[in-house]
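Coordinate inspection notes
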Amino acid sequence: MLRYTLLRLLGAIPTLLLVIVLAFLMVHAAPGGPFDDERALPADVAANIEAAYHLDEPLAQQLGRYMSGLLRGDLGPSYRYRDYTVAELIATGFPLSLQIGLLAILLALLVGISSGTVAALRQGSMLDRIVMSFAMTGISIPVFVVAPVLVLLLAVKLHWLPAGWSGSPGAAKYVLPVITLALPQIAYIARLTRASMIEVLGQDFIRTARAQGLATKTLIRVHALKPTMLPVLSYLGPAIAAILTGSVVVEEVFGIPGLGQFFVRGALNRDYTLVLGIVIFYATLIITLNLLVDILYGVIDPRVRQR
Amino acid sequence: MLRNMRIRRRLFLVLVLATVSACGGSGGPELSSSVLNRGISSDPESLDAHKARSLQAADVLRDLGEGLVSFTAMGEMTGGTAERWDVSEDGLTYTFHLRPDAKWSNGDAVTAAHFVFGVERLVDPDTAAFYAQFVSEINELEAVDERTLIIRLARPTPYLLSLLTHPATFPMHPGSLSEHGDRFARPGSMLSNGAYILTGWIPGSVITLQRNEHYWNNANTAIDEVRHHVVTQEMTELARYRAGEIDVTGSVPPDSFEQVKKELGDQLHVAPYLNLYYYGYNLSKPPFKDSPELRQALSMAIDRELLVEKVSGRGETPAYSWVPPGINNYEPTVLSYAGLTQDKRNQIAQSLYKEAGYSADKPLILELRYNTSDTHRRLALAIQSMWRDVLGVEVTLINEEFQVLLANIQAREVTQVFRSSWVGDYNDAHTFLSILQSGNAANVPGYSSEKYDALMQSAAEQIDLDRRRLYLEEAEREMLADHPAIPIYFYVSKHLVSPRVEGWGDNVLDYHYSQHLSLKAGE
């Protein structure tokens, strides 16, 4: 088991290295540099600034410098936020993105599964049709449309919630971003649950259970819910991915200082170190998670270890 | 059982509604009489005045620091840290007398040496300051004593006072630097000599400033706390303004401008602004190299009145000069054809186009580059059709990401006509005219004229302001006749200012110090 874990760990290193080198080359290949501006700099001022950030060195040397920094755990200074290091920006941005993402997933599961179940139980009823048309709308309307509409209604017209992140010190600022982010997922999960539940309810073991005189509530809770959840569970992977990418838009619209916003701004500003830092951070995160899953598989299923 | 469930469901609904409205209670906008909320379109690169560059950084820095000279709310020059100054007869020596009560936020006195230290750090290559060449006309700074500073100039520089209002020339506290190193400009460690101190900065979200009790003019500062909210999207900023979260916006979105004018007309402030929108030619390659007729033809065929009225539509003024109106001691010279009707201009443009060797059978084929933005796209589309209709030019529009466009403009390889703009750094014609001198980094068309350079040089040597002005005007006339670029319009500054804000003044530099503003109580 230990040998298996070590092997997997070693296998992850080249992947990460490859990601770093590719990302490094790609951000540097993008036209323009971090200090280009409409107010072009005098040549010697530009040279000074490039020298200060070692941008005047050959690319290979810059890569070497960056890698040796990485080995010391240093992601370097941000080029755009000259008073902050990349590590500091990730440390402030990631917890926020994570919080909002997790809340959105929880909300999506809660509302999606319950409304999907209700719709399945009342299949064909008015309620079912309402839930499903809501779900259809939720899937079809993109985040960048939903967000401003919610803001207009709940913040501008009704003044119930803040329109922007920095507009309120309390928890209220989470409501709109989380709902916006969760909405398409609620819709998807509701449809999945409904379809799956209808299928399960039509199966023999449910009919048998019903024939034994079980109450609907117990029937659903004890027998139907578990098999219904299978497709929803396998959808969680794509859902998390969608929430990660969706967070870029949501953070931009609501002015949330999360990792998504830093990533987009960083790419547009050619903030090489910030973009690289976030790529490396996410890559490490994903590789670690995959690794954990692989190791867990190894624990559960001995056949995997022997391969 | 069923009945029971129904009751439960109702209870649940009530609970949900209660939760939502409870959230609403705490989420409503904060209308404290002592907190001013302002919108800025991006984070400052830095709040170290020497590492800052953008207009947004300067906006925040003007709240935190103070130069020798400052501006009133209406944009008139006034004493800053210096209470008065004398200028020698030859215009080469300025003596500044600092206020005895000028203090840093830790209570230390602001001394002449702090200004000397600031400029020395600004020009030190190790600082890698964007504005390092900003003070190139200054030969020497001398701190005669704690409160007397002498600035000696290489040449008479009438805009020196204007430069001394810019954050790049603010004083620096050497002790703060040696204690905190290069990262002194952060909440908790940054010392300021202006009306406010930096108490919080969440990158990408908000910068919080609080009253500086040690500021010499603290008694006249009305607002206790200022929050600069970073709002990258103009539409979001407008929504937040309407929701009452922002009192002063940095801009107004083009698509909502008409609606805003109708609904919030009394809160909308549109004012002339020292900012030129222009199209540059790549003068180092054909077809525009050595072809002034063609350059003039394209310039004349643009109906600027129509553009500002129908396309940009936010109160901009058509540009027939390089220097915007409203500049101190200057009367911009205008393009020779400015007095003609558009029909007449079109006719002349057509004959110039022929003269340059183009015709319907042999049309000019052109690429027009602009950076991704709705306004730029619409303008480019309109100009594309004007050039096609009047001259028969076949224009391909190429929209590029901003950094890509900048790189292409600098390389001068693929560009032909490109969009650009220039914002004045100080209130003097020099800030606009100097960029077209040979070799200036911001001379993106690559214009180079001996005559123009000589006139600019002569202007620089004048002590007499009126004679200097004549040289500058002559230089502009000379340059406009060469058509190195097409001035299209002058931007206007656009802000929404909440009715509860008092003391707002429109000015051409678009500087709005928070210390001049106050908030009406109880609204």
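Residues numbered from 1 in each chain as written. Chains lettered and ligands numbered in written order. Predicted model: local features only at pLDDT ≥ 70, side-chain atom pairs only at ≥ 80, totals over all residues.

A short note on the sheet that holds strand β15 (residues 417-423) of chain B
All names here are of chain B. Strand order across the open sheet formed by six strands is β12-β16-β11-β15-β13-β14, with mixed pairing between neighbours. Two strands close off the open sheet at either side, each with one partner strand: β12 (317-318) and β14 (394-400). Bridge analysis of β12 against strand β16 (residues 485-496) gives two bridges, and the strand direction is antiparallel. Bridged to Pro-318 within β16 is Tyr-489. (Pairing = 2+ DSSP bridges. Helix = DSSP H or I, 4+ residues; strand = E, 2+ residues; numbered from the N terminus.)

A look at the interface of chain A and chain B
Taken together, the contact pairs 47 residues of chain A with 49 residues of chain B. Those elements that provide at least two residues to the side of chain A that touches chain B are α2 (43-52), α4 (86-121), α6 (143-157), α7 (172-201), α9 (216-254) and α10 (259-269) of chain A. The residue makeup of the side of chain A that touches chain B, split by class, is 26 nonpolar, eleven polar and ten charged. (Contact = placed C-beta atoms within 7 Å. Nonpolar A, V, L, I, M, F, W, Y, C, P; charged D, E, K, R; others polar.)

Notes on the packing of α6 of chain A against α9 of chain A
All names here are of chain A. Taken N-terminus to C-terminus, the directions of α6 and α9 make an angle of 30 degrees; their axes are 10 Å apart at the nearest point. Considering the angle they form, α6 stands roughly parallel to α9. Along this stretch, α6 crosses α9, giving a crossing that reads as right-handed. Touching Val-143, Phe-144 and Ala-147 of α6 are Gly-246, Val-249, Val-250 and Val-253, all from α9. Here the contact of α6 with α9 is built from residues that sort into six nonpolar, one polar and no charged. (Axes fitted to C-alpha atoms, helices over the stretch in contact; angles between N-to-C directions. Parallel < 35°, antiparallel > 145°, perpendicular 65-115°, else oblique. Left-handed = near helix turned anticlockwise from the far one by under 90°.)

Some points on the environment of Glu-476 of chain B
All names here are of chain B. Looking at the element boundaries, Glu-476 is found in helix α15 (residues 465-482). Glu-476 gets classed as buried once you count the C-beta atoms within 10 Å, which come to 25. Spatially, the C-alpha atoms of Glu-476 and Lys-289 are 20 Å apart, while their sequence positions differ by 187 residues. Setting aside chain neighbours within four positions, we find Glu-476 in contact with Ser-321, Trp-322, Val-323, Pro-332, Thr-333 and Leu-433. (Buried ≥ 20, exposed ≤ 12 C-beta atoms within 10 Å, placed from the backbone.)

Details of helix α8 (residues 204-211) of chain A
An α-helical turn contains 3.6 residues, so a residue and the one three or four places further along point in the same direction. For α8 of chain A, a buried count of zero out of eight residues is recorded, marking the element as mostly open to its surroundings. Looking one or two places after α8 of chain A, you find Gly-213 of chain A, whose phi comes out positive at around 90 degrees.

Quick notes on unusual backbone geometry
Residue and element names in this part refer to chain B. Note that the residue after Pro-286, namely Pro-287, is joined by a cis bond; omega there is 5 degrees. Locating Pro-287 in the fold gives a position in the loop between β11 (268-281) and α8 (292-300). For Ala-128, which is not a glycine, the phi torsion comes out positive at approximately 55 degrees. Residue Ala-128 is classed as buried on the basis of its C-beta count, with 20 C-beta atoms lying within 10 Å. Of note in this structure, Asp-510 is not a glycine but carries a positive phi near 60 degrees.

Quick look at the packing of α4 of chain A against α9 of chain A
Residue and element names in this part refer to chain A. For the pair α4 and α9, interaxial distance at closest approach is 10 Å and the crossing angle is 145 degrees. Considering only the axes of α4 and α9, their crossing is right-handed. Together, Ser-97, Ile-100, Gly-101, Ala-104, Ile-105, Ala-108, Ile-113 and Thr-117 of α4 and Ile-220, Val-232, Ala-239, Ile-240, Ile-243, Leu-244 and Ser-247 of α9 make up the contact between the two elements. For the contact of α4 with α9, the class distribution of residues is eleven nonpolar, four polar and no charged.

A word on the environment of Ile-398 of chain B
All names here are of chain B. Among the structural elements, Ile-398 can be located in strand β14. Taking the C-alpha atoms as reference points, Ile-398 and Phe-418, 20 residues apart in sequence, are found 9.3 Å from one another. Those residues in contact with Ile-398, other than ones at most four positions away along the chain, are Glu-367, Leu-368 and Arg-369.

Examining the pairing of strand β7 (residues 148-153) of chain B
Residues and elements named next belong to chain B. Here five bridges tie strand β5 (residues 93-98) to β7, and the two strands are oriented antiparallel to one another. Across the sheet, residue Phe-96 finds its bridge partner in β7, namely Leu-149. Strand direction decides the pairing type here: strand β6 (residues 138-145) and β7, joined by six bridges, are antiparallel. Looking across to β7, one finds that Ile-138 is bridged to Leu-153. Two successive antiparallel strands, β6 and β7, enclose a turn made up of two residues.

Describing the sheet that holds strand β4 (residues 82-87) of chain B
Residue and element names in this part refer to chain B. Read across the open sheet, the four strands follow the order β4-β5-β7-β6; overall the sheet is antiparallel. Among the strands making up the open sheet, the edge pair consists of β4 and β6. Direction aside, the axes of adjacent strands within the sheet are offset by 20 degrees on average.

Details of the environment of Ala-82 of chain B
All names here are of chain B. Along the polypeptide, Ala-82 turns up in strand β4. Taking the C-beta count within 10 Å as the criterion, Ala-82 has 25 such neighbours and is therefore assigned buried. With 249 residues separating them along the chain, Ala-82 and Glu-331 place their C-alpha atoms 30 Å apart. Once residues within four sequence positions are removed from consideration, Ala-82 is found in contact with Leu-68, Val-69, Phe-96, His-97 and Leu-98.

Quick notes on the confidence of the model for chain B
Residues and elements named next belong to chain B. Residue-level pLDDT values for chain B average 90, and 93% of them are 70 or greater. Taken together, the stretch residues 1-31 has pLDDT below 50 and engages in 23 contacts with residues farther than four places along the chain or on a different chain. Both scores are available for the predicted complex, with the pTM at 0.87 and the ipTM at 0.86. (pLDDT = per-residue confidence, 0-100.)

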